[in-house]
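Geometric and topological summary
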Amino acid sequence: MIPIELSKRQEQILKIVQERGPITGDQIAEHLHLTRATLRPDLAILTMSGFLEARPRVGYFYTGKTGNRLLSEHIRKLKVKDYKAPPVVVHEQSSVYEAIVTLFLEDVGTLYVLNKDNLLAGVVSRKDLLRTSLGNKNLEDVPVGIIMTRMPNVITVGPEDSIFEAANKLIENQIDSLPVVIPVEGMKNALQVVGRCTKTTIARAFVQMGKEEVI
Ligand code: ADP
């Protein structure tokens, strides 16, 4: 259980216990001019999340473990621009055959499709390509532009967005890859592709975080 933000009262309780612990629930309640019953849910949250520990006949004491909180704050600060990989792109007019070859050569699962102005037109995933390949013999004659998921239906992230936000988009939309884009000034829906953020990107950030001392 990781409480993202403690309530004001929980912060107050934490402070009291930090300064005066070990301290009983009744004593905390007295300090806050509240009843013990009112405090019960807050004490339960603080205990379950590891901020406080309750010892029978002694009372509550501060564990010093604010790690979960620090960790979640840390995760929200990691930026896409620091973890993104280079984009792998094809053009709208490229054939499905060419796209499949690119997929293998570049060892990626999703290609970003660019229009004639080199701006984001769509994305094509391995299953999109597989689907087209089934029962279609002339893959050189089919342009990716007609099978891709096209703008404005493409889910994207910005370089300044957090990795956490990107991970959320991947999960919520059940997709593997997000083009990292920057808007072109003065042009509506015109996006320049500057990177890729995939499930692998998130896994890499996770592994790196595990190696760091963030707490
Ligand atoms: P696959 O199905 O090949 O494992 P995905 O789960 O990423 O890959 O793709 C599922 C579908 O979602 C595909 O039709 C693909 O075109 C589309 N898709 C992939 N990435 C995005 C994205 N960033 N925005 C919108 N649609 C996407």
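Coordinates for the structure precede this section.
Please read all numbers here as calculations on a predicted model, not as lab measurements.

So, on to the overall build of the chain. Secondary structure summary: the chain contains eight helices and eight strands in total. Here the C-alpha radius of gyration of the chain, 25 Å, is well above what a compact globule of 215 residues would show, namely 17 Å. If one aligns the C-alpha atoms of the chain with their principal axes, the spans along those axes are about 80 × 40 × 30 Å. Here the chain, with 215 residues, has 40% of them falling under the buried criterion. Long-range pairs, those at least 24 residues apart, make up 56% of the contacts in the chain with a sequence separation of at least 6. With an accessible surface of roughly 13100 Å², the chain has 52% of that area assigned to carbon and sulfur atoms. Positive and negative charge centroids in the chain, built from 27 and 25 side chains respectively, lie 6 Å apart.

So, about the packing of helix H5 (residues 96-106) against helix H6 (residues 126-133). Relative to each other, H5 and H6 sit at 135°, their axes nearing to 10 Å. As judged from the angle between their axes, H5 and H6 are oblique. Along this stretch, H5 crosses H6, giving a crossing that reads as left-handed. Facing Val 96, Ala 99, Ile 100 and Leu 103 of H5, the residues of H6 in contact are Arg 126, Leu 129, Thr 132 and Ser 133. A breakdown of the residues in the contact of H5 with H6 according to their chemical character gives five nonpolar, two polar and one charged.

Turning next to the pairing of strand E7 (residues 177-183). Each regular strand carries side chains that alternate between the two faces of the sheet. Within E7, five of the seven residues are buried, which leaves it mostly tucked inside the rest of the structure. Across seven bridges, E7 lies against strand E8 (residues 191-198) in antiparallel orientation. Across the sheet, Ser 177 pairs through a bridge with Thr 198, a residue of E8.

Another aspect to go through is unusual backbone geometry. Omega for the peptide link from Gly 21 to Pro 22 comes to 0°, which places this bond in the cis form. Secondary-structure assignment places Pro 22 in the loop between helix H1 (8-20) and helix H2 (25-32). With an omega of 5°, the peptide bond running from Met 151 to Pro 152 counts as cis. Along the chain, the position of Pro 152 falls in the loop between strand E6 (149-150) and helix H7 (163-172). Of note in the backbone geometry, Asn 118 takes a positive phi value of approximately 65° without being a glycine. Of note, Asn 118 is situated in the loop between strand E4 (110-114) and strand E5 (120-125). Not every positive phi belongs to a glycine, and Gln 174 is a case in point at roughly 50°.

Around the ligand sit 14 residues, and of these Lys 127, Asp 128, Thr 149, Ile 155 and Asp 176 come closest. Within the backbone of Lys 127, a nitrogen or oxygen atom sits 2.9 Å from an oxygen atom of the ligand. For the ligand, a nitrogen atom lies 2.8 Å from a polar atom in the backbone of Ile 155. Here the ligand loses 83% of its free accessible area of 550 Å² to cover by the protein chains. The set of elements that each furnish at least two residues to the shell around the ligand consists of E5, H6 and E7. The leading source of residues in the shell around the ligand is H6, at three residues. The residue makeup of the shell around the ligand, split by class, is five nonpolar, five polar and four charged.

So, how was this worked out
Residues numbered from 1 in each chain as written. Predicted model: local features only at pLDDT ≥ 70, side-chain atom pairs only at ≥ 80, totals over all residues. Heavy atoms only, no water. Helix = DSSP H or I, 4+ residues; strand = E, 2+ residues; numbered from the N terminus. Rg over C-alpha atoms; globule rule 2.2 N^0.38 Å. Buried < 20%, exposed > 50% of the residue type's maximum accessible area, 1.4 Å probe, protein only. Contact = heavy atoms within 4.5 Å. Areas by Shrake-Rupley, 256 points an atom, 1.4 Å probe, with all protein chains shown as cover. Lys, Arg positive; Asp, Glu negative; His and termini not counted. Charge placed at Lys NZ, Arg CZ, Asp CG, Glu CD. Axes fitted to C-alpha atoms, helices over the stretch in contact; angles between N-to-C directions. Parallel < 35°, antiparallel > 145°, perpendicular 65-115°, else oblique. Left-handed = near helix turned anticlockwise from the far one by under 90°. Nonpolar A, V, L, I, M, F, W, Y, C, P; charged D, E, K, R; others polar. Pairing = 2+ DSSP bridges. Near = heavy atom within 4 Å. Polar contact = N/O pair within 3.5 Å; in protein donor to acceptor, adjacent residues only side chain to side chain.

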